[in-house]
Every structure is written in C-alpha cells, then in structure tokens.
Amino acid sequence: MSSATVKTNNKLRTLDMVYVSMFSALMMIGANITSFIPFMTIGGVPITLQTFFAVLAGAFLGSRLGAISMAVYMFIGLAGAPVFAKFMGGPTQIISPTFGFILSFIVTAYVTGKIIEKNNKLHTYIFAAIIGTIFSYLIGTNLMYIAYKVWAAAPSAFSYKVAWMWMAVPFPKDIFLAVLAGIFAHRMQRIVKRS
C-alpha cells in the first residue's frame, strides 16, 4: 500500500514539473510572438502576451506552481537563453528598465492563483485574472520608472505620468486577455478534474 502511495506522489510531482515547464515555454513564446512587428513597442516597452500567460499560469496551476513556472522562465533568461522580449537574455537584463515586468510575472501568477484557491467559480477566475494583471502593471511600471530615473537613460521629458501613459496603450488589450485567460483556465480546470 505504501508503494502505491509513493507511485501516486511521484506521478503528481512529475505532472507538476511538466506543467511548470509548459508554462515557462509558453512565456518564452508569448514574450516574442510580436517581436517581428516594429510598431509593437511603445516607449521601449514591447507589447507581448507575457501578462496573459502569467495570469493563465496562476489561474491554471495555482499560486505556488504558477509562481514557480514564472521564476523558472526568469532564471532561464538570466542564464543567457534569449527568452525575454526581443529575444534578449543574460544577467545584464537585471538592469534593463523593463526587468521589473519580468519580476512582476511571478507575483502576478501567485496573486491570481491565491485568489482562485479560495473560490473556484467562473467569476472568481475572471476577477483574479484582472487583479493579477493590475499587479503586473503596478509592479512593472513603478520599477520601470525607478530604473529610468536612477540608472537607465530616461527619454527626454520622461516623467511618472509619461510612464503610465505608455502603459495605458497595452492595458485594454491585457485586461481583455485576462478575462479570456480566466474563462479558459476555469474550463480547463473542469476538464482536468473530470478526467
């Protein structure tokens, strides 16, 4: 009986690792899916699908595994793999003004998953996805502003208001995608539970 229990636990751990790897890979794709379109960059911030996949990771995997999958993505990029937006990577990315968004994805996945763990209704998934997206913007934009003011070369006439004006452009897209992520994750969880 103890042998069967060990097998089940190992299977769950293996499945968790597969999910973490899958969402890390989805983040790599989401980071660069729009990189070949030059006008998809505003104020040095590329418009990507990263927030969508960070929210989806938290909504589908839960707070712990969702955050781990985003941390794995971050460490792969810092190790030198070109997985960040614009196919960037390496430890020097830490001083990039947009690195705050990479950090925010870990929090985004965690917060999204944590809210859903308390209630698994559809409206909770959507609410959690929107809150997770807002956390991403709050952390990423504020850290970007600090980076530009402290060590990065800020564009002319750059201000806190300008930083938020830049982020106002992709925000409607990310809120729309957050709602889709919430709906999709809720349906996927029901399918997984049934199977």
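See above for the structure.
Values in this document were obtained by computation on a predicted structure and should not be read as measured data. (Residues numbered from 1 in each chain as written. Predicted model: local features only at pLDDT ≥ 70, side-chain atom pairs only at ≥ 80, totals over all residues. Heavy atoms only, no water.)

Enquirer: Would you take a moment to explain the packing of aromatic side chains for this structure?
Expert: Both the distance between ring centres and the angle between the ring planes are used here to describe each pair of aromatic rings. Evaluation of the coordinates by the stated rule reveals 12 aromatic pairs. With a centroid separation of 5.5 Å and an interplanar angle of 75 degrees, the aromatic rings of Tyr73 and Phe84 are classed as edge-to-face. Highlighted residues: Tyr73 in helix α3 (residues 63-78) and Phe84 in the loop between α3 and α4 (99-118), separated in sequence by 11 residues. When sorted by exposure, Tyr73 lands in the same class as Phe84, which is buried. (Phe/Tyr/Trp six-rings, centres within 6.5 Å; stacked < 30°, edge-to-face > 60°. Helix = DSSP H or I, 4+ residues; strand = E, 2+ residues; numbered from the N terminus. Buried < 20%, exposed > 50% of the residue type's maximum accessible area, 1.4 Å probe, protein only.)

Enquirer: What's the story with the environment of Met188 in this structure? I'm lost.
Expert: Relative to the elements of secondary structure, Met188 occurs in helix α7 (residues 171-194). For the pair Met188 and Ala59, spaced 129 residues apart in sequence, the C-alpha to C-alpha distance is 9.9 Å.

Enquirer: Looking at this model, I keep getting lost on the side chain of Thr48. Mind explaining?
Expert: Mapped onto the secondary structure, Thr48 falls in the loop between β2 (45-46) and α2 (50-61). Of the polar contacts made by the side chain of Thr48, one reaches the side chain of Gln50; its length is 2.9 Å. Beyond its immediate sequence surroundings of up to four residues, Thr48 is in contact with Gly30, Ala31, Thr34, Ala85, Lys173 and Asp174. (Polar contact = N/O pair within 3.5 Å; in protein donor to acceptor, adjacent residues only side chain to side chain. Contact = heavy atoms within 4.5 Å.)

Enquirer: Looking at this structure, how should I read the environment of Val20?
Expert: Summarising the element assignment, Val20 is placed in helix α1 (residues 2-32). Taking the C-alpha atoms as reference, Val20 lies 7.2 Å from Gly66; in sequence the two are 46 residues apart. Contacts of Val20, omitting those with residues within four sequence positions, involve Leu61, Leu65, Ile68, Ser69 and Val72.

Enquirer: I tried to follow the side chain of Gln93 on my own but got confused; where do I start?
Expert: Along the chain, the position of Gln93 falls in the loop between α3 and α4. On the basis of relative accessibility, which here comes to 12%, the residue Gln93 falls in the buried class. Other than its neighbours up to four places away in sequence, Gln93 contacts Leu78, Phe84, Met88 and Phe99.

Enquirer: I tried to follow the environment of Ile115 on my own but got confused; where do I start?
Expert: Tracing the backbone through its elements, the reader meets Ile115 in helix α4. Linking Ile115 and Ile131, residues 16 residues apart in sequence, is a C-alpha distance of 9.0 Å. Among all residues touching Ile115, those that are not within four sequence positions of it are Thr124, Phe127, Ala128 and Ile131.

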